[in-house]
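# Results of the structural survey
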Amino acid sequence: MSGRLIRAAVIAIAGIALATLPFWVGNAYYINIASQILFWAVFALSLNILVGYAGLVSLGHAGLFGIAGYTAGLLLEGGHGHLTAIFAALAAVLATSVIFAILSLRSTGIGFLMITLALGQILWGIAYRWATLTNGDNGVVVRSRPAPFGIVLTSPTSFYYATLIVFLLVVVSIAMFVRSPFGASVRGTRDQPRRMTALGYHVWLIRFIAFLLSGLWAGVAGILFVYYNQFISPQVVALQTSAEVLLMVISGGTATLLGPIAGAAIVVIMKNVVSAYIERWNLVLGIIFVAIISFMPEGLVPGSVRLSKMGWRLFRDRYSSAVLSNVAEPPP
Amino acid sequence: MNLWLTLAVNSVALGGLLFLLSAGFSLIFGLMRIPNLMHGSFFMLGAYFGVTFLAKGTNFWVAALASGAAMAIIGGLVERFLLRRLAGQELPQVLLTLGLSFIVSDICLMIWTGDPIQPSTPSSLQGAVQAFGIYFPIYRLVIVAVAVAVAVALWLMIDWTRLGAMIRAGVDDGPIARVIGIKVSQLFTLIFCLGAALAAFAGVMGSPILSVYPGLDIDMLPLALLVVILGGTGSLLGAFVGSFVIGFLYNFGQAMFPDLAYVILFLPMLLVLVLRPQGLFGRVVS
Amino acid sequence: MKVQRRTVLKGMLAASVAVAAPPFLRAQPAPFKIGLLTVKTGPLAQGGIQMEQGILTFLAEKNNTLAGRKIEFISADTGGNPAGAKTKTQELIERDKVNVILGPLAAFELLAITDYVRDNKTPLISIAAAEDVTQRKANPFFIRPSATSAQCCQVMGDYAAKDLKYKRAITISEDFAFGYEQMAGFQRVFEDNGGKVVKKLWPPLVTPDYTPYIAQIGNVDCVFNGFAGSNPVKFMRAYADLGLKYKVPLLAGWTAMDDALLKSLSDEAIGVISASWYSAEADTPSNKRFVEAMQKAYLVLPGGYSAGMYVAGQCVEAAIQMLGDKVDDRTALAEALHKVSLTDTPRGSVRFDKYGNVVGDVFIRRCERKGGQLINTVIKTYPNVSQFWTYDEKEFLAQPVYSRDFPPAKNLEQ
């Protein structure tokens, strides 16, 4: 069985499952959970651009997520239309990403981490203290959801489909980015920055653009978030949120497309669904992370692939016959 | 009371406490390059152990040392069985330590419940110094003395003992150190134990001031990060100086610029990082 | 006592009993579902756990049957953040189809869900103190049996000015909406009665060391603080350590000297005068039962978080009694809850104004040590206190909501 065939089959099945989800998942509550998984997955995918592909670990990504959400929320509360709010939010997150990038790309590794952490905290402090603008910890209420092409998105099902479309667009665009020459150069700056410079690539500029793209997609997730909850408050911009999305990326598996999605699913399901059945869900979530790291340090998705390949190989070796032994092993 | 003098004295006092908190983190991060995001958990768990020992009537210093010893064991187990196989892989280390911190914080909530606990200051150290128009608790000054003692002890160990030399060799060039017979892995376990023990000791020492409550780990970890980053990773002197700098920034900043209370610690750190990414005393790491 | 959590098993058991039961028993109405939004993980867990203990104590006392109707109780952990609160509210309403929701704990959680519960016509009974939810943005599905942020502080302003005859005060509280609203209420009444607030200090919610703030206190008759959560413990210790305890008397709001917090405090709390809508020493029959039951089951002295939920349970019982079978109509239930009027609750008599906020007693207490334990002895009771104090309701609402800058502090000194 060729890997590509398996992958295509899995994607097709997943696609059908996602498209028909409201019909088989049961309750409206679970449709809402699915919407949450989708936009958290977008957020995690955006962070993965930096963490997985550019090799830059950021602990301030919630700042970008939040600034898009707040801009959209404040404009909507001020009476502006949805299109204005969305475009302004994207513009705001782009501008903020520029500032973040210029400041944080002065350093890599732990320096980058700390600068992004500081920037995220500063944004949080502003969201909290500048109450005349942001309403402080009382937050901003968003009264209505958009109605593209006349379809109002208030019901869980309609919101889910809108989120699904945005999610698929983001996944496709990130996939295109990853497979493009620019995506390759980003990975190059992660693995061999000095060699890249020697080859004539402008490493700083590559990282800068990657940061902007990452910020833009994080902004998309932020807009979905504020429309979903119809409320935003400074907690969204806090360090915990940045840490949570980083955990989603690492646990799912960096530098893969499916990894952050899986990570987002784990955290959202544990926090919202499992917490209804297990009181100490926080403990269980911690145990899951430790287990993932112990058995699959590269992340849940790459680890599962590896373990299933091992399992398949063991199975095949044990039952190999003359026919099977003639089949060449496909390159990994 | 004399505001500025009180703030100045408290800056030193807070600096002392911050050094105790971040010394362990500086060791682990500076020498082993592990971003130990469960440092706050060691601090909090150590403080909880401390208050439990104190409730049973042990002497304060004994409780602090016993808590440190207990945390050394726990830290050793974590390093030996979980962290060691992740050597050099920063992201998995982040996930592991964060995951463990979730586990620790939930277990603390289960055992000690959500109510805050604040042990009394040890009776021999109660009371205050009243001089030059200020009234300042003796215990906070004692913490400074303890911090200095710990700093001197660590410096002596690392720079003047054979063990310290072996540790520095293992850090500078692990493979070569192994070639000449230094058991680098065991040394690293030892450092991690020491770092965890220091955090726990600091937790107990700080508990009469900070109290112990769920969320203490999340409140303290950014402070440790700040001190070590500002002072410079890999430098104990940096952690020492950084603690007092943060102490001064905190006290005078909160009093003089209350509107900037949230950013008063992060802005200077940002400035240092942007202008001098290796921190005040750090070495440039290629 | 192991506290019951997930009622899925209970529900399944009930369902299987219903299926197996003989026909004449199956005619019983479906259980009345009460959902609780609380916080069981993270820093806010302190209050959240107490909230759950309070309602469970009430349900245990009534044998899980209120006014003849069987109760099914579902507890949901919001994690202490607005998004979590929204999700759990959706779970309770969409999945579990509860009749009424108790909680949430924090004001920002309440603000995140208030529109949603109104759109989904589900009654909500919370102790979250956000002022406007029962003022300018009143939600007809919401009642609050505890107090608005300022309700007790306005009383303290009166007591400090008239009874204690203080003239100059400093306020200090955390830098967030609950703190702003509390201090504003105190300032308004205190200054309207001849006092002056000469400084307002706002340490951030997470402050490891209060010394920089305490060092700025001096030259006043009293300090009024409104700290919440676990902060009061640290603050009062620092206040005493820095020598202010005997120099400047300390006054407190209800969260700062909550009875449940007394076991974490020690000598530094003795003598602190606080204003609260609940006191474990309140002398009503239901309070005696409540305190005894809490001490037996959980070995704790109850505070406002538990008492608030106990009273909420009593309100639900009264509403079920009022409506009988019609109680399954959630809009009717919301209206009935507004009309509830009780005389025997742990906090004395209780009724609700037309915005859904409680009108009840406010106690002035002094902390003392009796028999080796700290207690808050009631020294004065203000009966029938509303959220508007003695001000005219229309005038009150015509002004902006209490905030950091309103009412403006005209007597600040550098």
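The structure displayed is predicted, hence computed values, not measured ones.

So, how was this worked out
- Residues numbered from 1 in each chain as written.
- Chains lettered and ligands numbered in written order.
- Predicted model: local features only at pLDDT ≥ 70, side-chain atom pairs only at ≥ 80, totals over all residues.
- Heavy atoms only, no water.
- 1 Å grid on protein atoms, 1.4 Å probe; cavity = no way out; pocket = protein on both sides within 12 Å on 5 of 7 lines; lining within 4 Å.
- Points joined across faces, edges and corners; volume = space filled by probe spheres on them.
- Helix = DSSP H or I, 4+ residues; strand = E, 2+ residues; numbered from the N terminus.
- Nonpolar A, V, L, I, M, F, W, Y, C, P; charged D, E, K, R; others polar.
- pLDDT = per-residue confidence, 0-100.
- Contact = heavy atoms within 4.5 Å.
- Buried area = accessible area lost by both parts, 1.4 Å probe.
- Salt bridge = Lys/Arg side-chain N within 4 Å of Asp/Glu carboxyl O.
- Polar contact = N/O pair within 3.5 Å; in protein donor to acceptor, adjacent residues only side chain to side chain.
- Buried < 20%, exposed > 50% of the residue type's maximum accessible area, 1.4 Å probe, protein only.
- Pairing = 2+ DSSP bridges.

### Side note on empty space enclosed by the protein
Going through the model one piece at a time under the given rule, you end up with seven cavities of 30 Å³ or more. Here the second largest cavity is characterised by a volume of approximately 60 Å³. Taken together, N10, A13, L14, L17, R140, I143, I209 and L210 of chain B together with D209 of chain C form the lining of the second largest cavity. Considering each element in turn, the lining of the second largest cavity owes the most residues, four residues, to helix α1 (residues 3-32) of chain B. Residues that form the lining of the second largest cavity fall into these classes: six nonpolar, one polar and two charged.

### Focus: the confidence of the model for chain C
Close inspection of predicted coordinates is inappropriate in any region flagged by low pLDDT. Per-residue pLDDT for chain C has a mean of 91; in total, 93% of the residues score no lower than 70. The ipTM, which scores confidence in the relative placement of chains, is 0.91 for this predicted complex, and the corresponding pTM is 0.90.

### Structural notes on the interface of chain B and chain A
With 35 residues of chain B at the contact, the number on the chain A side is 36 residues. Broken down residue by residue, the surface that chain B buries against chain A is led by L91, L95 and Y262 of chain B, which jointly contribute 21%. Counting across the chain B and chain A interface gives two salt bridges. Note that D259 of chain B is salt-bridged to R129 of chain A, the shortest N-O span being 2.6 Å. Viewed at the interface, chain A and chain B are joined by five residue pairs in polar contact (both at pLDDT 80 or more).

### Quick look at the pairing of strand β11 (residues 273-276) of chain C
Residue and element names in this part refer to chain C. Along β11, one buried face is formed by I273 and A275 and the opposite face, lined by S274 and S276, is buried too. In the sheet, strand β10 (residues 250-252) pairs with β11 via two bridges, with the strands oriented parallel. Residue A252 lies in a different strand from β11, and its bridge partner there is S274.

### Quick word on the sheet that holds strand β1 (residues 32-38) of chain C
Residue and element names in this part refer to chain C. Strand order in the open sheet formed by six strands is β2-β3-β1-β4-β5-β6, with mixed pairing between adjacent strands. Only two strands of the sheet have a single neighbouring strand rather than two, namely β2 (65-66) and β6 (142-143). Bridge count for β1 against strand β4 (residues 100-102) is three bridges, and the pairing is parallel. Along β4, the bridge assignment pairs I34 with V100.

### Details of the pattern of salt bridges
In this structure the tally under the stated criterion is 29 salt bridges over all chains. Residue R118 of chain C pairs with D115 of chain C through a salt bridge whose shortest N-O separation is 2.9 Å. Taken together, the residues R118 of chain C and D115 of chain C, both in helix α5 (residues 107-119) and three residues apart, mark about one turn of the helix. With a shortest N-O distance of 2.8 Å, E393 of chain C and K354 of chain C are connected by a salt bridge. Placement of E393 of chain C in helix α13 (residues 393-398) and of K354 of chain C in the loop between β13 (348-352) and β14 (358-370) is noted, with a sequence separation of 39 residues between them. On the accessibility criterion, E393 of chain C (27% relative accessible area) is partly exposed. A relative accessible area of 64% means that K354 of chain C is categorised as exposed. If you follow the salt bridges from partner to partner, you end up with R129 of chain A, D259 of chain B together with D175 and R404 of chain C in one network.

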